[in-house]
Amino acid sequence: MTAAIGHVLEVLDRQQRVVQRVRLRSWPVTLGRGYGCDIILDDPHVAPAHVRLDRDAASGALTLTDLGTHNGVCRLPSRDARQGARAPAGSFALTPGEWIETGRTRWRLCDANEAVAAELPLQSRHHEPAWLVPLMAVLAFGAVAADMWFNAFDEFKPLSAVSSLVTGVLALAVWAGLWGLLTRIFHAPSQFGRHFGWACTVLLAAVILPWPLATLAYALDWPPLVTWQRPIWAVAAAIALLGHVSIAFGRPSRRAWAVVGGLLVLSLGLSTLETWQNHRQLTPTGFMTVVRPPGWQLTGGATLDAFYRRAGSRQTEIDALRTQEVDGAAAEGD
């Protein structure tokens, strides 16, 4: 075997992170899943002996040979490319720095003198104070209790509210516990406190943000603003998921935030159209039936005048029946 110094084989995992760098010191070099290979790839889609790398001693030309595999070899235009061109069977010339995909594993052969990025500066780790998580929990569930009292009108039941709040706390604790378990599986420690605090923060924002919208809608007499609370809840759920993913696995990509923005625009548009359709069925005096969901359920989507007429006719029928019962009882007494 010929001695060779100056080439490094760089292997990426499925998340496009470098997991292995091997300086090649002799040729040929075999890559595969088998223990007899020079470079072992932990990939079930790679054959026991997948490819062989060779270098011409005189010219320095590199050659890659497919060792008769089922999945073959793909040549990629870049490191982040989604798809590549399938290489022909047999041997072909390999360009230094070219990205190759065997199975689900990407790698390249590069020069040992190739420049690498400078080191990243160390950043101090900021830990949330111990009192922050309980404070966010108290604020979040206090806002939920206030919202329940406001929407209950005169039928507010403290015991039911306390029961609902306790159920909500347990639900958030279970939610944070599941994320903590995932975090513990892939990283350490579980970060349960951070997950619970983040869930309470998002819940607080989702409860409070619709309040100024309802006030502004009442002041401007524009009901479509009220139904924007549904898109707020949808976006809050998406942001909550991104936050949990960030705590568990690291910072989410820009594409994920773009999806949240698109969800916000779509939800706002659909809610506004739906509210305009419903608003055409309401009289100006029925604005509070849009602001207060119980009022809307009471009218059943009809105008208030129609609701009052229907209620009046039913009251007239009830009065007539009572009159007949009284007259019948009087006749029997005589």
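Up top is the structure these notes are about.
Residues numbered from 1 in each chain as written. Predicted model: local features only at pLDDT ≥ 70, side-chain atom pairs only at ≥ 80, totals over all residues. Heavy atoms only, no water.

A.B. asks: Describe in detail the side chain of Glu10, supporting the description with residues and values.
C.D. replies: Note on placement: Glu10 falls in strand S1 (residues 2–12). Using a relative accessible area of 5% as the deciding quantity, one classes Glu10 as buried. A polar side-chain atom of Glu10 sits 2.9 Å from a polar atom in the side chain of Arg21. (Helix = DSSP H or I, 4+ residues; strand = E, 2+ residues; numbered from the N terminus. Buried < 20%, exposed > 50% of the residue type's maximum accessible area, 1.4 Å probe, protein only. Polar contact = N/O pair within 3.5 Å; in protein donor to acceptor, adjacent residues only side chain to side chain.)

A.B. asks: How would you sum up the pattern of salt bridges? Please name residues and give values.
C.D. replies: For the structure shown, the criterion picks out five salt bridges. Among the salt bridges present, the one from Glu10 reaches Arg21, with a minimum N-O distance of 2.9 Å. Taken together, the positions of Glu10 in strand S1 and Arg21 in strand S2 (residues 18–27) put the pair eleven residues apart, joining distant regions of the chain. The class of Arg21 is exposed, set by a relative accessible area of 56%. With a closest N to O distance of 3.3 Å, Arg106 and Glu101 form a salt bridge. Connected through shared salt-bridge partners, Glu10, Arg21, Arg108 and Glu114 make up one network. (Salt bridge = Lys/Arg side-chain N within 4 Å of Asp/Glu carboxyl O.)

A.B. asks: Any chance you could break down a nonpolar patch on the surface for me, citing the residues and the numbers?
C.D. replies: Judged by side-chain polarity, Leu181, Leu182, Ile185, Phe186 and Phe249 come together as a nonpolar surface patch covering roughly 500 Å² of accessible area. Residue contributions to the nonpolar patch peak at four residues, all from helix H2 (residues 158–186). If you trace the backbone, Leu182 turns up in helix H2. (Patch = residues over 30% accessible without salt bridge, like charges linked within 9 Å, V, L, I, M, F, W, Y side chains within 5 Å. Areas by Shrake-Rupley, 256 points an atom, 1.4 Å probe, with all protein chains shown as cover.)

A.B. asks: Any chance you could break down the sheet that holds strand S3 (residues 29–32) for me, citing the residues and the numbers?
C.D. replies: Read from one edge to the other, the open sheet built from five strands follows the order S4-S3-S5-S6-S9, with strand pairing classed as mixed. What marks the edges here is a single partner per strand, and that holds for strand S4 (39–40) and strand S9 (91–94). Bridge analysis of strand S5 (residues 51–55) against strand S6 (residues 62–66) gives five bridges, and the strand direction is antiparallel. In the strand pairing of S6, Arg52 is matched with Thr65. (Pairing = 2+ DSSP bridges.)

A.B. asks: I'd like a rundown of the side chain of His244, residues and numbers included.
C.D. replies: Relative to the helices and strands, His244 is located in helix H5 (residues 229–249). Classification of His244 by relative accessible area gives buried; the value is 0%. A distance of 2.9 Å separates the side chain of His244 from the side chain of His195, its partner in a polar contact. In contact with His244, other than residues within four places in its own chain, are Trp175, Trp179, His195, Trp198 and Ala199. (Contact = heavy atoms within 4.5 Å.)

Coordinates in, geometry out; function isn't part of it.
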